[in-house]
Amino acid sequence: MRLYILSRRATLYTTRRFTKTARMLGHVARVLDPLGCMLHTARGRHTIQYHEKQLRLPEAVLPRIGGPSAAYSLAVLQQFEARGVCVVNRSEAIARARDKLRSLQLLAEQHVPIAATVMTRDPSRLAESIDMVGGPPVILKLLQGTQGIGVILADSYQTAKETLEALWQLGQNILIQKFISESKGRDIRALVVGQKVVTAMRRVARAGEFRSNIHRGGVGEPLELGDRQREVALKAAAVMGLEVAGVDLLEGEDGPIVTEVNSSPGFEGLEKASGLDIAREIIEHAVRLVDSSE
Ligand SMILES: Nc1ncnc2c1ncn2[C@@H]1O[C@H](COP(=O)(O)OP(=O)(O)O)[C@@H](O)[C@H]1O
Ligand SMILES: [Mg+2]
């Protein structure tokens, strides 16, 4: 099978693992820089040129979408979809997952446990909004942050007010979210592929940090999920429509709470914690999807 990995840099861990494993499994694998793709759309016609050459269509595309070029990369992915190429994940599901409020709305609708969240732009109702999610300290969150950047712990009404005023001034919409204090500095990352939890890890933040992201210095240790955690992770991925999903769970008093569902989960930390070949799991799943669509 011919497989393209849509990624800004061929040297990134997850991208490298995909290419290497796909080749080892006998596939033709190639990394495409989305910004090198020119999309030509005319009546009844969608073509893609890559660095001045017409691109031969693959059987499947594995997108790694994030950073400042995410919108362009999504457009490239849509062009592949328009040509009937199997993409894992689909663009619609990725766009949905990249918006934290949209994700929470969908998850809440389907009764997936989430932390109570308020969004407002009315400064006069700020104290009330904070009280609606349990009072300070509260979490303030950018709709589109990743790797822990854009997640703030505000320990008082005053800090929350000052932070929100600054961010509103910059045109940012912000979520005000209940701080799940019993899970401070730790969370769970579960990797879902197809309808299966492939592996999971507990992430523990470094000292003095409440965000447990690996990019913020958190450390991952392998974890066998409990039944309820597994059920919630699978449901979250399904609600978002993601074939491959990194589901983040806080450990609340009353059970797991989903904070977000990542549509391009990197798996360096997970492969190191578990010793599993996650690239292979994902590629084999893509092959199954291609086979079932033929
Ligand atoms: N409501 C919350 N209560 C406690 N900790 C939280 C909460 N939301 C996020 N965190 C912490 O912050 C980290 C980053 O939050 P997350 O919503 O996953 O954003 P990002 O996309 O930046 O990873 C989480 O892994 C968790 O450790
Ligand atoms: Mg996260």
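Residues numbered from 1 in each chain as written. Chains lettered and ligands numbered in written order. Predicted model: local features only at pLDDT ≥ 70, side-chain atom pairs only at ≥ 80, totals over all residues.

**Focus on the site of ligand 1**
Okay, step 1: Inspection of the region around ligand 1 gives 22 residues, with Ala115, Ile180, Arg211, Ser212 and Thr259 positioned closest.
Okay, step 2: Of all elements in the fold, only β9 (138-146), β10 (149-154), β11 (174-178), β15 (244-252) and β16 (255-262) reach the threshold of two or more residues within the shell around ligand 1.
Okay, step 3: Residue contributions to the shell around ligand 1 peak at 3 residues, all from β9.
Okay, step 4: Here the residues of the shell around ligand 1 sort into 7 nonpolar, 10 polar and 5 charged.
Okay, step 5: When residues of the shell around ligand 1 are assigned to domains, at least three fall in each of domain 2 (99-112 + 182-263) and domain 3 (117-179). (Near = placed C-beta within 6 Å. Helix = DSSP H or I, 4+ residues; strand = E, 2+ residues; numbered from the N terminus. Nonpolar A, V, L, I, M, F, W, Y, C, P; charged D, E, K, R; others polar. Domains from an automatic or database assignment.)

**Quick word on the pairing of strand β6 (residues 60-63)**
Okay, step 1: Here β6 shows a buried face lined by Ala60 and Leu62 and a second buried face lined by Val61 and Pro63.
Okay, step 2: Pairing geometry for strand β1 (residues 2-6) and β6, over 4 bridges, is parallel. Paired with Ile5 across the strands is Leu62, a residue of β6.
Okay, step 3: As defined by bridge partners, β6 adjoins strand β7 (residues 86-87) across 2 bridges and the pair is classed as parallel. Bridging across to β7, Ala60 finds its partner in Cys86. (Buried ≥ 20, exposed ≤ 12 C-beta atoms within 10 Å, placed from the backbone. Pairing = 2+ DSSP bridges.)

**Looking at helix α7 (residues 227-240)**
Working note: α-helix, 3.6 residues per turn, so residues spaced by three or four point in the same direction.
Okay, step 1: In this model, α7 (14 residues) spans 20 Å end to end at C-alpha, consistent with the 20 Å of a helix rising 1.5 Å per residue.
Okay, step 2: Turning to α7, its buried residues number three or more, namely Gln229, Val232, Ala233, Ala236, Ala237 and Met240. Within α7, the buried residues cover an arc of 130° as seen down the axis, which keeps them to one side. When the buried face of α7 is taken as reference, the exposed residues oriented beyond 90 degrees from it are Asp227 and Arg228.
Okay, step 3: Where the residues of α7 are buried, they touch α3 (91-98), α4 (100-109), β12 (186-193), β13 (196-204), β15 and β16.
Okay, step 4: Positive backbone phi, approximately 75°, marks Gly241, located one or two places after α7. (Expected span 1.5 Å × (residues − 1). Arc of directions from axis to C-beta. Contact = placed C-beta atoms within 7 Å.)

**Concerning the sheet that holds β11**
Okay, step 1: With antiparallel pairing, the 4 strands of this open sheet are ordered in space as β8-β11-β9-β10. The open sheet has two edge strands, β8 (117-119) and β10, and neither has a second partner. Between one strand axis and the next, the sheet turns by 25° as a mean value, whatever way the strands run.
Okay, step 2: Direction of pairing for β8 relative to β11: antiparallel, over a ladder of 3 bridges. When the sheet's bridge partners are listed, Thr117 is paired in β11 with Gln177. (Axes fitted to C-alpha atoms, helices over the stretch in contact; angles between N-to-C directions.)

**As for the domain arrangement of the chain**
Okay, step 1: When the domains of the chain are assigned, the result is domain 1 (2-87), domain 2 (99-112 + 182-263) and domain 3 (117-179).
Okay, step 2: Each of domain 2 and domain 3 has a C-alpha centre, and these two points are 21 Å apart.
Okay, step 3: Facing the 9 residues of domain 2 at the interface are 10 residues of domain 3.
Okay, step 4: Each residue belonging to the side of domain 2 that touches domain 3 can be placed in one class, and the counts come to 3 nonpolar, 2 polar and 4 charged.

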